[in-house]
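Single-letter residue listing:
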Amino acid sequence: MGKLSNTAGEFKKFIMRGNVVDMAVGVVVGGAFGKIVTSLVNDMLMPWIGYFMGDANFTELAYEIKPAVAEVLNEAGEVVTAAKEAVLFRYGNFIQTIIDFLLVALCVFVFVKIIGGIRARAEAKAKAEEEAKKAAEAAAAAAAPKAPTQEELLAEIRDLLKAQK
């Protein structure tokens, strides 16, 4: 029982770490973003690509390996040979999937570049503000009068005592 509770404690610690929670949020947001990008590709970009390629619908492109066979009946109406569908090599769907992937990857790339640019500008602004703050502190420190050291104060007291004698 002790080993089980120890494992449960470790699991709780693992789950409560920030990285795991961040990863879970990333997966959920990524799934939602994936749906948006897929809709962008399928509903907005692919119709234009199909239009400019002569109304081509890639998903329908296929090579017939074996033709379809129609159902054969005898004079009594009994099925002699059952109908068989054609065997197709559907390369068009594969092409469509590749195009979808490339467009989704392009959209994600652009999104990441935009977010990276925003983050870089924010970091540069924060760095400039920090450097300006340090420069102001250095200027203030340089402008402030220098306090005498302990040795200088003792020497001044000694000289004053000698002058009183």
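Everything here concerns the structure above.
Structure report, in brief.

Reading the values: rules and limits
- Residues numbered from 1 in each chain as written.
- Predicted model: local features only at pLDDT ≥ 70, side-chain atom pairs only at ≥ 80, totals over all residues.
- Heavy atoms only, no water.
- Helix = DSSP H or I, 4+ residues; strand = E, 2+ residues; numbered from the N terminus.
- Rg over C-alpha atoms; globule rule 2.2 N^0.38 Å.
- Buried < 20%, exposed > 50% of the residue type's maximum accessible area, 1.4 Å probe, protein only.
- Contact = heavy atoms within 4.5 Å.
- Areas by Shrake-Rupley, 256 points an atom, 1.4 Å probe, with all protein chains shown as cover.
- Lys, Arg positive; Asp, Glu negative; His and termini not counted.
- Charge placed at Lys NZ, Arg CZ, Asp CG, Glu CD.
- Salt bridge = Lys/Arg side-chain N within 4 Å of Asp/Glu carboxyl O.
- Core = buried A, V, L, I, M, F, W, Y, C linked by side-chain atoms within 4.5 Å.
- Patch = residues over 30% accessible without salt bridge, like charges linked within 9 Å, V, L, I, M, F, W, Y side chains within 5 Å.
- Phe/Tyr/Trp six-rings, centres within 6.5 Å; stacked < 30°, edge-to-face > 60°.

Focus: the overall build of the protein
Each helix and strand counted, the protein has 4 helices and 4 strands in total. Counting from the amino terminus, helix and strand elements in the protein follow one another as α-α-β-β-β-β-α-α. The C-alpha atoms of the protein give a radius of gyration of 38 Å, which is well past the 15 Å a tight globule of 165 residues would have. For the protein, the spread of C-alpha atoms along the three principal axes comes to 145 × 65 × 20 Å. Within the protein, the fraction of its 165 residues that count as buried is 7%. Taking all contacts inside the protein whose residues are at least 6 apart in sequence as the whole, residues at least 24 apart take part in 53%. Of the roughly 14,200 Å² of accessible surface on the protein, 66% is carried by carbon and sulfur atoms. Averaging the coordinates of the 19 positive side-chain charges in the protein and doing the same for the 20 negative ones gives two points 15 Å apart.

Observations regarding the pattern of salt bridges
A side chain of one charge can pair with a side chain of the opposite charge if their charged atoms are brought near each other. Evaluated as defined, the whole model comprises 1 salt bridge. Between Arg158 and Asp159 there is a salt bridge; the shortest N-O distance is 3.4 Å. You can call Arg158 partly exposed: its relative accessible area is 45%. A relative accessible area of 41% means that Asp159 is categorised as partly exposed.

Things to note about the nonpolar core
Within the largest apolar cluster, 7 residues are counted, these being Val37, Val41, Met46, Phe58, Ile99, Leu103 and Cys107. Elements represented by at least two residues in this core include exactly α2 (18–52) and α3 (91–143). Aside from chain neighbours lying at most four places away, what touches Ile99 is Met46 and Phe58.

Concerning a nonpolar patch on the surface
Taken together, the side chains of Leu106, Val108, Phe109, Val110, Phe111, Val112, Ile114, Ile115 and Ile118 make up a nonpolar region of the molecular surface, amounting to roughly 780 Å² of accessible area. Here Ile114 shows up in helix α3.

Considerations on the packing of aromatic side chains
Here the structure, examined in full by the defined rule, presents 5 aromatic pairs. Ring geometry for Trp48 against Phe52: centres 6.1 Å apart, planes inclined by 25°, an arrangement best described as stacked. Taken together, the residues Trp48 and Phe52, both in helix α2 and 4 residues apart, mark about one turn of the helix. We note that Trp48, like Phe52, is exposed. With centroids separated by 5.2 Å and ring planes inclined at 70°, the aromatic side chains of Tyr51 and Phe52 adopt a geometry described as edge-to-face. Assigned by exposure class, Tyr51 and Phe52 land together as exposed.

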